[in-house]
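# Structure assessment
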Amino acid sequence: MSMPNQYEQVTADTFLRGLWEENPVFVMLLGMCPALAVTNSAINAISMGLATTFVLVMSSALISIFRNFIPKQVRIVAYIVIIATFVTIVDYLIQAISLDLYNALGAFIQLIVANCVILGRAESYASRQKLGATIVNSFGSGIGFTIALLSMGAVREILGAGALFGVGIMPVGFEPWVVMVLPPGGFFVLGCWLIIFAWNKKRKEQAQLDGAVAGGQA
Amino acid sequence: MSETIPAVNVEDEVVVPAPPSFAMFRTLAVIAMLSGLFVVLIVQWANPYIAANKKAATEAAVFNVVPGASISKTFILEGDKLAVAPEGATGTLVYAGYDNAGSLIGMAIPGVATGYAGPVYVMFGYSPAKEAVIKYQILTMTETPGLGDKVVTDQKFLANFDNLVAKLNDAGTALANAIKTVPNKSKQHPWEIDAISGATITSTAVGNAINSSAQQLLPVIVKQLPLIREQGIKAEGAK
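Residues numbered from 1 in each chain as written. Chains lettered and ligands numbered in written order. Predicted model: local features only at pLDDT ≥ 70, side-chain atom pairs only at ≥ 80, totals over all residues. Heavy atoms only, no water.

In the annotation of an unreviewed UniProt entry, chain B is listed under the name Ion-translocating oxidoreductase complex subunit G and assigned to Parendozoicomonas callyspongiae. According to its UniProt record, chain B has this under Cofactor (unreviewed entry): "FMN". Under Subcellular location (unreviewed entry), UniProt gives the following word-for-word description of chain B: "Cell inner membrane". (UniProt positions renumbered as here; feature names shortened; annotations may be inferred.)

As recorded in an unreviewed UniProt entry, chain A goes by the name Ion-translocating oxidoreductase complex subunit E, listed as coming from Parendozoicomonas callyspongiae. In its Function (unreviewed entry) section, the UniProt entry covering chain A states "Part of a membrane-bound complex that couples electron transfer with translocation of ions across the membrane." The heading Sequence similarities (unreviewed entry) in the UniProt record of chain A holds the text "Belongs to the NqrDE/RnfAE family."

So this is what it looks like as structure tokens:
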């Protein structure tokens, strides 16, 4: 079944949108569960981000290939099965690469199945666009997700453990704020990042408005 | 959202009739089969690597908790006796660590107990000469990073296990004093473990895991020390 559609031309924006304008975590507020749960250290955040990116790109690609073949009524089931397949693959890949990393990420690898960044991309992009554009766009989203997780993980690790990537960087007398590596710390840091993004957006809108007013007067 | 992606036109969709159930069935069947194929392929490919990783991790743990050991041998618990475990054996396993000359340095004994977020698997070294636990490490756990996982890094906590007394009672049937975790900074006896403040549940799990394994296995191990020593000399001779 084909939908009335317009295919997007692949441009730099196809990729870059996911990083900033449509950042899954900071702008679209998707994938909050891993963003809060596994960002207590920078290395966990990066590993989780990359694992999610892999699943996101692979499942979006497959969904894009099958997009005209999946009836609308069963699309969610089909997406979940495809996503779960790639999550299982990532799960085994990580176990084969490093048991330590596997132990560090714990149950959150399996929970990628329920990550709404992936389902969101499948529903709003992969099911409507050609393979090439889908790969570029979902890769951008994945990298945006990774960057968002890393920016939370870095702040939380620095404040909560006085270290970055496990290397101590704070002065000797620094007393770690343990709350930062606990669940409440995730909410605090996420809130602060959202404030920064919202403030930046407001500032841009205001500048545009001022520009328009100035233009009208001229 | 970018304007280049048009919203789905709802009116257009209403006139499209629902596809026959066969189409849905066919789609799901094909996707499920493909998915099954992928999963089987990756499991087939990854299993040897995972088994090798696990074996290497166990071996590394044995040499870590029995410092100075360079040869290891696996024993399996059969009733109340130990026997040399065949390759790939499953059951209650203990590992003996020998030095280059084949003399026994210590035993590496695994244990498990429930922590804060799931089971905590540990491996600890037991020295028959000192009648004490000499070192321990975590094998796997899912404890809270930054708190529970301090049991891996906290030097003061690790020092508990430098010489944690694990002496058997006179009858040789159980520990004379059960190993237990006590609240932070209240350790009084050499068989007590000082918990980490903020990670008490995980610290207690480590203590429980060591205690239950020691209570069960140390009486057997101590009784069978001649056999374990003999195997070491054989292993050295075979080299």
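Anyway, onward from the coordinates.
## Quick word on the overall build of chain B
Helix and strand content of chain B: six helices and nine strands. For chain B, the residues scored as buried account for 40% of the 239 residues in total. Considering only contacts within chain B whose residues lie at least 6 apart along the sequence, 54% involve residues at least 24 apart. (Helix = DSSP H or I, 4+ residues; strand = E, 2+ residues; numbered from the N terminus. Buried < 20%, exposed > 50% of the residue type's maximum accessible area, 1.4 Å probe, protein only. Contact = heavy atoms within 4.5 Å.)

## Some details on the UniProt feature "transmembrane region" (unreviewed entry) in chain A
Residues and elements named next belong to chain A. The sites that carry the UniProt feature "transmembrane region" (unreviewed entry) are, in the present numbering, residues 50–70, 76–94, 101–120, 132–151 and 180–199. The straight-line gap between the two end C-alpha atoms of residues 50–70 is 28 Å; of that span, 76% is helix and 0% is strand. Each end of residues 180–199 is marked by a C-alpha atom, and these two atoms are 23 Å apart; helix forms 85% of the span and strand 0%.

## A closer look at the pairing of strand β5 (residues 119–127) of chain B
Residue and element names in this part refer to chain B. The buried fraction of β5 is high, at seven of nine residues. Pairing of strand β4 (residues 104–114) with β5, which is carried by eight bridges, proceeds in the antiparallel orientation. Looking at the pairing, Met107 lines up with Tyr126 of β5. Taken together, β4 and the strand that follows it, β5, pair antiparallel across an intervening segment of four residues, in which Gly118 is found at a positive phi of about 145°. Pairing analysis gives seven bridges linking β5 to strand β6 (residues 132–140), with the strands arranged antiparallel. Note that in β6 the partner of Tyr121 across the bridge is Thr140. (Pairing = 2+ DSSP bridges.)

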